[in-house]
Amino acid sequence: MKEQLSRAGSLFGTFFKIGAFTFGGGYAMIPLIQREVVEKRHWMEQSDILNIVAIAESTPGPIAINTATFVGYRTGGFLGAACATLGVVLPSFAIIFALSFVLRQFQALKAVQYAFWGIRAGVLALLVKALLSMYRQCPKGGFAWTLMALALLLAAFSGIGVIYILIGCAAAGLVRLYWKKGRSAQ
């Protein structure tokens, strides 16, 4: 029990730090989660994080909260999931609550506008880093490139919901798996 409480406290602290020092939402948190959970704390392998991010992206809700919940559950059970989720949510809630009172009074100031432009540029850099990290872990080949391009085109230029695109990609992957198994059995 003592070890479980210690792990839950570590999960809360880790995700509180990630939630407190990351701007730009869940996708900007992915590289930090990966570094803390895989490289620094060795709670999981890189492939585990990639799978958790894929699941978190596919389930309803913010990706940072879903990822924290899945990591917390995998490493600390229900208590770990609750602590990791609370840890990642609490800083944002407190900051947004405090800023909502202050920002309205200062939003017209040029310094505030420029600060937010700078934050957006930093968030873009974190998103590109997350993209590159996930790209390195994904399988490559004609099928993967075609599926990626098709998903990007559908997401960007059609009215099809992203969840349907993800379901379609998963189905295409399964069809390919069974097709390859069928060919190798012959």
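Located above this text is the structure these notes cover.
Residues numbered from 1 in each chain as written. Predicted model: local features only at pLDDT ≥ 70, side-chain atom pairs only at ≥ 80, totals over all residues. Heavy atoms only, no water.

Caption draft 1: Geometry of the packing of helix 3 (residues 46-58) against helix 5 (residues 110-137). In contact at an axis separation of 10 Å, helix 3 and helix 5 are set at 115 degrees when each is read in the N-to-C sense. Compared by their axis directions, helix 3 and helix 5 come out roughly perpendicular. As for the relative orientation of helix 3 and helix 5, their crossing is left-handed in sense. Across the interface between the two elements, Gln46, Leu50 and Val53 from helix 3 touch Ser133, Met134 and Gln137 from helix 5. A per-class count over the contact of helix 3 with helix 5 returns 3 nonpolar, 3 polar and no charged. (Axes fitted to C-alpha atoms, helices over the stretch in contact; angles between N-to-C directions. Helix = DSSP H or I, 4+ residues; strand = E, 2+ residues; numbered from the N terminus. Parallel < 35°, antiparallel > 145°, perpendicular 65-115°, else oblique. Left-handed = near helix turned anticlockwise from the far one by under 90°. Contact = heavy atoms within 4.5 Å. Nonpolar A, V, L, I, M, F, W, Y, C, P; charged D, E, K, R; others polar.)

Caption draft 2: Quick look at the nonpolar core. Core analysis: the largest hydrophobic core is formed by 22 residues, its most contacted members being Phe15, Ile33, Val37, Met44, Ile49 and Val71. If you list the elements that add at least two residues to this core, you get helix 1 (2-20), helix 2 (26-40), helix 3 and helix 4 (63-106). Apart from the residues within four sequence positions on either side, Met44 is in contact with Val37, Val38, Ile49, Ile52, Val71, Arg74 and Thr75. (Core = buried A, V, L, I, M, F, W, Y, C linked by side-chain atoms within 4.5 Å. Buried < 20%, exposed > 50% of the residue type's maximum accessible area, 1.4 Å probe, protein only.)

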